[in-house]
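Architecture and fold: a report
Chain by chain, the residues:
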Amino acid sequence: MQKRVVFNNFWLPYLLVAPQIAITLIFFMWPAYQAMLQSVLQEDPFGLSSKFIWFENFERIFSDPTYLNSFSVTVIFSVCVTGFGLGLSLLLAVMADRVIKGATTYKTFLIWPYAVAPAVAGVLWGFLFNPTVGLISYFLRVIGYEWNYILNGNQALFLVILAAVWNQISYNFIFFLAGLQSIPKSLIEAAAIDGAGPGRRFWSIVFPLLSPTGFFLLVVNIVYAFFHTFGIIHAVTGGGPAKATEILVFKVYNDGFRAQDLGGSAAQSVVLMLIVVVLTVAQFRYIERRVHY
Amino acid sequence: MVENRPYLTFLSHFILILGAAIVAFPVYVTFVASTHDQQTMLAGVTPFFPGEHMIANYKEVLFEGVVGSRAPPVAGMMLNSLIMALAISIGKIIISIIAAYAIVYFKFPLRMTFFWMIFITLMLPVEVRILPTYKVVADLAMLDTYTGLTIPLIASATATFLFRQFFLSVPDELAEAARIDGAGPMRFFWDILLPLTRTSIAAMFVIQFIYGWNQYLWPLLITTKEEYYTIVMGISRMVNVVDAAARWNVVMAVAILAMIPPVIVVIFMQRQFVKGLVETEK
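Residues numbered from 1 in each chain as written. Chains lettered and ligands numbered in written order. Predicted model: local features only at pLDDT ≥ 70, side-chain atom pairs only at ≥ 80, totals over all residues. Heavy atoms only, no water.

What follows deals with the overall build of chain A. Scanning chain A from terminus to terminus reveals 12 helices and two strands. Its C-alpha atoms put chain A at 75 × 75 × 30 Å along the principal axes. Across chain A, the fraction of contacts at a sequence separation of at least 24, relative to all contacts at a separation of at least 6, is 68%. Carbon and sulfur atoms provide 68% of the accessible area of chain A, an area that totals close to 13,100 Å². Across chain A, the centroid of the 17 positively charged side chains sits 16 Å from that of the 13 negatively charged ones. (Helix = DSSP H or I, 4+ residues; strand = E, 2+ residues; numbered from the N terminus. Contact = heavy atoms within 4.5 Å. Areas by Shrake-Rupley, 256 points an atom, 1.4 Å probe, with all protein chains shown as cover. Lys, Arg positive; Asp, Glu negative; His and termini not counted. Charge placed at Lys NZ, Arg CZ, Asp CG, Glu CD.)

Quick look at the interface of chain B and chain A now. Contact residues are listed per partner, giving 116 residues for chain B and 98 residues for chain A. Interface of chain B and chain A: buried area, both sides summed, is about 9,900 Å²; carbon and sulfur atoms make up 77% of it. For the interface between chain B and chain A, the tally reads zero salt bridges. Here chain B and chain A share 13 residue pairs in polar contact (both at pLDDT 80 or more) between them. It is helix 1 (residues 6-33) of chain B that contributes the most residues to the side of chain B that touches chain A, 18 residues altogether. For the side of chain B that touches chain A, the residue count by class is 84 nonpolar, 17 polar and 15 charged. (Buried area = accessible area lost by both parts, 1.4 Å probe. Salt bridge = Lys/Arg side-chain N within 4 Å of Asp/Glu carboxyl O. Polar contact = N/O pair within 3.5 Å; in protein donor to acceptor, adjacent residues only side chain to side chain. Nonpolar A, V, L, I, M, F, W, Y, C, P; charged D, E, K, R; others polar.)

Take the side chain of Gln208(B) next. You can see Gln208(B) is positioned in helix 11 (residues 198-213). Excluding residues within four positions of it along the chain, Gln208(B) makes contact with Ser89(B), Lys92(B), Ser156(B) and Thr158(B).

This part is about the packing of helix 3 (residues 65-98) of chain A against helix 9 (residues 198-228) of chain A. Residues and elements named next belong to chain A. Taken N-terminus to C-terminus, the directions of helix 3 and helix 9 make an angle of 140°; their axes are 10 Å apart at the nearest point. Compared by their axis directions, helix 3 and helix 9 come out oblique. Regarding helix 3 and helix 9, the two cross each other, and that crossing is right-handed. Seen from helix 3, the contacting residues are Thr-74, Phe-77, Ser-78, Val-81, Thr-82, Leu-86, Leu-90 and Val-94; seen from helix 9, they are Phe-202, Phe-207, Leu-210, Leu-217, Leu-218, Asn-221, Ile-222, Tyr-224, Ala-225 and Phe-226. Each residue belonging to the contact of helix 3 with helix 9 can be placed in one class, and the counts come to 14 nonpolar, four polar and no charged. (Axes fitted to C-alpha atoms, helices over the stretch in contact; angles between N-to-C directions. Parallel < 35°, antiparallel > 145°, perpendicular 65-115°, else oblique. Left-handed = near helix turned anticlockwise from the far one by under 90°.)

Rendered as structure tokens:
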């Protein structure tokens, strides 16, 4: 945690941490405190006075069907993004770990989507699936499938999941590949000598040794799906049609900025904060678990 | 390779090529769309091979902006994005590196309090405190300014942790030797520690540059004037307007321009990128 040799200076360390702490206090702590305060207050319609109402805002949002709908949309969305994202990138990483020729070329071709902004990723996939000009919707029409994500909620949800998975796949791929390459080759060789085939070796040796990486990625992907996909939703569907893609983060934004429901939006923010706290704690427990091998 | 299994090797290559092709597909189609004129797009489906209007389309969006959309010329938006990405990445690196230095190399009251305060920022992404943060920025009269776009985003727990981790791995003897030779803390920092930190700084820069360039929600909140729009937020404005007018070819040119800088950074600084990504999560 700290060096044996330390410098002694009375004011210098404070000066060094000052900028970071100032920004943290002004733009992180204070707004978070404001959100918590706001979540237990109710403002009159003119914003002149406010009164303390305990947990009424929370009771209100949790009995609001649109909020509960947003919760279940978020859960479906995150489960799909995390599941498909991890599954596909694990498959690609295992394959990339196997090949010798062209391994770096494949890697280059698979990691660049990380650099594409979620909103831009949404625009790309939205264009491919655009009901009038999209290439894929054209093929879907040819085979007789009625595709219009602007009207059909399930199709819209599918589209944003696809864009989110595409955007996140390179991140997962890099970590899985690093995890695979850190597994000692001697273990694999020993199993091969004992007569285990590639499938058996994967499930009995590689997969368990990869589980800390997998757990870590699981948490990171849930965080990604919950919070960092705002751009995709905002650029592609705007939460619609009929709130079919309105994830929690989008609802906080919508209720706060469009509907100007301060108390409700603040209560939603607090719920989201609790979710991030749980996820962050889970993520840091991973560091302790990783020491195993 | 443990054993030779030609079929499995073939299958691996096949899956990897298929994966790379699927990953590249939407970008290819976007690029193709950006090289056609409006007539072709109006005719219905996107063609599969590039057309001849590439230069005209890119010239239009860069210097005139998409006609009929509520967005300025793209060259200006790209400049804003560049300013934002550079200010955020350089700012984050500077304030994180000095904070990490103070926490590792000094003993002072409240040291751990500061450490935990920085840690807590991890748990408060912009998305969960949208409205109150907007209010703070508005109260400080930072709406529609470059400071408003960048300063609130430059506090970073991940960068501080990365540098802290690195400083802890630097041998104590270096600081000892520097002290014996009479070097003060700042001299030690500039002449010894900073040169050693170069590779970590490069790795951090790549990650944070992408982070800054790709910001979406923040510029959406902070900017109302066109001259401060960034390209990533500008593009979604165009999409919403353009669908009726079928100006997809030019909007797709904007999409390509929006991803070129960060993608180039990732491809040409691939080593630093992977290092930065893997190490910030330790």
